[in-house]
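One-letter residues, chain by chain:
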Amino acid sequence: MTRTHRIAVPGILALGLVLPMLLPIATAEAASSAAPTRPVAQVSVGVQLELPRPTGPHAVGLSTLDLVDTGRLDPWVPAAGPRQLMVSVFYPARPGTGAPAPYMTTQEAALLLERQVPGAGIQPDAVSDTRSWARTDARPTHGRFPLVLLSPGFTMPRATLTSLAEDLASRGYVVALVNHTYEDSGTTFPDGRTLTCVICDHLPSGWPEVNQSRAKDVSFVIDQLTSRHSPWRYHHMIDQDRIGMAGHSVGGSAAASAMAADKRVRAAVDMDGTFDIPIPATGLDHRPFLLLGTQSGHAPGDDRSWDQAWANLDGWKRWLTVTGTDHISFTDLAILAPQLNIPIPGATISGERSAQITRAYVAAFFDLQLKGLPQPLLDGPSQADPEVTFQHP
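On a predicted model such as this, the values are computed, not experimentally measured, just so you know. Just so you know, the residues in each chain are numbered from 1, in the order the chain's sequence is written. Where totals are concerned, whole chains, interfaces and linings use all residues; where local detail is concerned, this predicted model gives features only for residues with pLDDT of at least 70, and gives and counts side-chain atom pairs only at 80 or more. Here the side-chain values reflect all heavy atoms present in the structure, with hydrogen atoms and water set aside.

**Brief notes about the overall build of the chain**
At step 1: The helix and strand labels rest on DSSP assignments: H or I over at least four residues marks a helix, E over at least two residues marks a strand, and numbering proceeds from the N terminus. Broken down by element type, the chain carries 9 helices and 15 strands.
At step 2: Each of the 393 residues in the chain was classed as buried or not, and the buried ones make up 60%.
At step 3: What makes two residues a contact is simply this: any of their non-hydrogen atoms within 4.5 Å. The long-range share in the chain, meaning contacts at least 24 apart out of those at least 6 apart in sequence, stands at 74%.
At step 4: Calculation of accessible area relied on Shrake-Rupley with a 1.4 Å probe; when residues are assessed, cover is drawn exclusively from the protein chains displayed. Here the chain displays about 15,100 Å² of accessible surface, and carbon together with sulfur accounts for 52% of that area. The buried label applies to any residue whose accessible area, calculated with a 1.4 Å probe on protein chains only, is under 20% of its type's maximum; exposed applies above 50%, and partly exposed to all values in between.

**Some remarks on the sheet that holds strand E5 (residues 99–100)**
Strand pairing in a sheet relies on backbone hydrogen bonds, with the paired strands running either antiparallel or parallel.
At step 1: Strand order in the open sheet made by the 11 strands is E5-E6-E3-E4-E8-E7-E11-E12-E13-E14-E15, with mixed pairing throughout. Among the strands making up the open sheet, the edge pair consists of E5 and strand E15 (388–390).
At step 2: Taken together, the 3 bridges between strand E14 (residues 317–322) and E15 define a ladder with antiparallel strand orientation. Note on E15: the bridge partner recorded for valine 322 is valine 388.
At step 3: Axis lines are fitted through C-alpha atoms, for helices just across the contact stretch, and the angle between N-to-C directions can take any value from 0 to 180 degrees. Contacting strand E12 (267–271), strand E13 (289–294) and E14, helix H7 (residues 304–312) crosses the sheet at an angle of about 155 degrees to E14. A pair of strands is labelled paired if DSSP reports no fewer than 2 bridges between them.

**Some thoughts on the packing of helix H4 (residues 207–226) against helix H5 (residues 250–261)**
At step 1: Where H4 contacts H5, the two axes come as close as 8 Å, and the packing angle between them is 65 degrees. For the pair H4 and H5, the sense of crossing is right-handed. Within the contact between the two elements, H4 uses Trp207, Val210, Asn211, Arg214, Ala215 and Val218 and H5 uses Val250, Gly251, Ser253, Ala254, Ser257 and Ala258.
At step 2: For this classification, Asp, Glu, Lys and Arg are treated as charged, while Ala, Val, Leu, Ile, Met, Phe, Trp, Tyr, Cys and Pro are nonpolar and the rest, including Gly, are polar. Grouping the constituent residues of the contact of H4 with H5 by class yields 7 nonpolar, 4 polar and 1 charged. Crossings are classed by handedness, with left-handed meaning an anticlockwise turn of the near helix from the far one by less than a right angle and right-handed meaning a clockwise turn.

**Some words on empty space enclosed by the protein**
At step 1: Cavity: a set of points on a 1 Å grid over the protein atoms alone where a 1.4 Å probe fits but cannot get out. Pocket: an open set with protein on both sides within 12 Å along at least five of seven lines, its lining residues, like those of a cavity, having an atom within 4 Å of a point. Grid points are joined across faces, edges and corners, and a volume is the space filled by probe spheres set on the points. Per the counting criterion, the structure on display carries 2 cavities of 30 Å³ or more.
At step 2: Estimated volume of the largest cavity: approximately 80 Å³.
At step 3: Considering the residues around the largest cavity, the lining is formed by Thr160, Leu161, Ser163, Leu164, Ser329, Phe330, Thr331, Asp332, Ile335, Ala355, Thr358 and Arg359.
At step 4: Residue contributions to the lining of the largest cavity peak at 3 residues, all from helix H9 (residues 351–371).
At step 5: Tallied by class, residues from the lining of the largest cavity come to 5 nonpolar, 5 polar and 2 charged.

**Description of the state of the cysteines**
At step 1: Cysteine sulfurs are considered disulfide-paired once they come within 2.5 Å of each other. All told, the structure shown has 1 disulfide when counted by the stated rule.
At step 2: Between the sulfur atoms of cysteine 197 and its disulfide mate cysteine 200 the distance is 1.8 Å. Residues cysteine 197 and cysteine 200 are joined by a disulfide whose S-S torsion is about 90 degrees; by sign, that bridge is right-handed. Both residues of the pair, cysteine 197 and cysteine 200, count as buried.

**Some remarks on the nonpolar core**
At step 1: Counting residues in each nonpolar core, the largest one holds 42 residues, and the members touching the most others are Leu149, Val174, Val221, Leu225, Trp232 and Phe289.
At step 2: Per element, the largest residue contribution to this core is 6 residues, and it comes from H4.
At step 3: Side-chain atoms within 4.5 Å are what join buried Ala, Val, Leu, Ile, Met, Phe, Trp, Tyr and Cys residues into a set we call a nonpolar core. Core analysis: the second largest hydrophobic core is formed by 36 residues, Leu161, Ala246, Met271 and Phe330 among them.

**Describing the packing of helix H3 (residues 162–170) against H9**
At step 1: At their nearest, the axes of H3 and H9 sit 10 Å apart, and the two run at 45 degrees to each other. By the criterion of interaxial angle, the relationship of H3 to H9 is oblique. For the pair H3 and H9, the crossing hand works out as right-handed. For the pair formed by H3 and H9, the contact residues are Ser163, Leu164, Asp167 and Leu168 on the first element and Arg359, Val362, Ala363 and Phe366 on the second.
At step 2: A per-class count over the contact of H3 with H9 returns 5 nonpolar, 1 polar and 2 charged. For classification, angles of less than 35 degrees are called roughly parallel, those exceeding 145 degrees roughly antiparallel, those between 65 and 115 degrees roughly perpendicular, and all remaining angles oblique.

**Points about the pattern of salt bridges**
At step 1: Any Lys or Arg side-chain nitrogen located within 4 Å of an Asp or Glu carboxyl oxygen qualifies as a salt bridge. Summed over all chains, the structure comprises 18 salt bridges.
At step 2: We note a salt bridge from arginine 83 to glutamate 183, for which the minimum N-O separation is 3.4 Å. Of this pair, arginine 83 sits in strand E4 (residues 82–93) while glutamate 183 sits in the loop between strand E8 (174–178) and strand E9 (186–188); the two residues are 100 residues apart in sequence, bridging distant segments of the chain.
At step 3: The class for glutamate 183 is buried, based on a relative accessible area of 0%.

**A look at the layout of surface pockets**
One simple way to see leftover space: roll a probe sized like a water molecule over the atoms.
At step 1: Put simply, the largest pocket is a space of about 370 Å³.
At step 2: What lines the largest pocket is a set of 27 residues, and nearest its centre among them are Thr64, Ser88, Pro102, Tyr103 and Arg158.
At step 3: Counting residues per element, the ones that place at least two in the lining of the largest pocket are strand E3 (59–73), E4, H3 and E9.

Structural measurements only, silent on function.
Next comes the structure, spelled out in structure tokens:
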């Protein structure tokens, strides 16, 4: 069975480096020992990295929230006290308002580079200054919109799903991009602390516990965003009856766990994540689910947890695989690396193309399931997307 909770992506973020050969991607079980250890000469990037422009009709606003769950100790560092999360909330906004939002902090970028390519000599600003399209303090547009929560892959900061978040917001969604504290390379909090990963190199229990913890994180964030006394000033934009979730890698597996634990999550997407907790044999109360993964790792028979999930899912469902993609092809890393002619191991389609496919199919799923809009894209294979295979095991 292919385990797709990757922990390191050596070489992918070596922005500006021309490497004769990229090191192989390590799995979660291999931890960070696969990262390169020999120093690499520092080079100047000289290129403005940029995410693709959102495809929807709305401008995109961004609020950043520091949320504290006073009813729950942190599962990984109990001595730290209540569970504390940073959440980026993207929303449909009025054009021309707000100021350009940063991609991530310099310290977050430095820790991401240190984990992925230690000694590469890449300036953190090369990553933190990536141009994105959201604007802080932008005035919201009128209306009420579905809420979609996004959960990143293990060790990955939440910013690595920014392109998908921005695109969904531009199409008329409120999107909550959640960090899972102590599970990523580093997250900066408003008081200036940057908390690093405590469990990245050694899981204190196992993958099911990570899934269960993330499901609790997600339910707490939903509580906070939909409360009458919500800390988010624009909470009135959220339609509480239309909530979905998507995640990458362990975040995708956690989407199923959150759905099983919280009936408010009406639809979910797993992007290339092995299910650590099986879908219940009784199903998910007929709620819809989309499986979107690599052809090389998630065709029928390649990941038995997907075969089992498909059999147990009792609502609308699709199982799509994308030829030419690698595990990180569903994240921003696939977009940033090709801008500097850095290949992605295992990928034969461009990062721009994989982002286009990811955005299109995830948005189509939520448009169908949360907005009730017909989506021919999900009815069967399209000549326009020859990379996408509809699996029917």
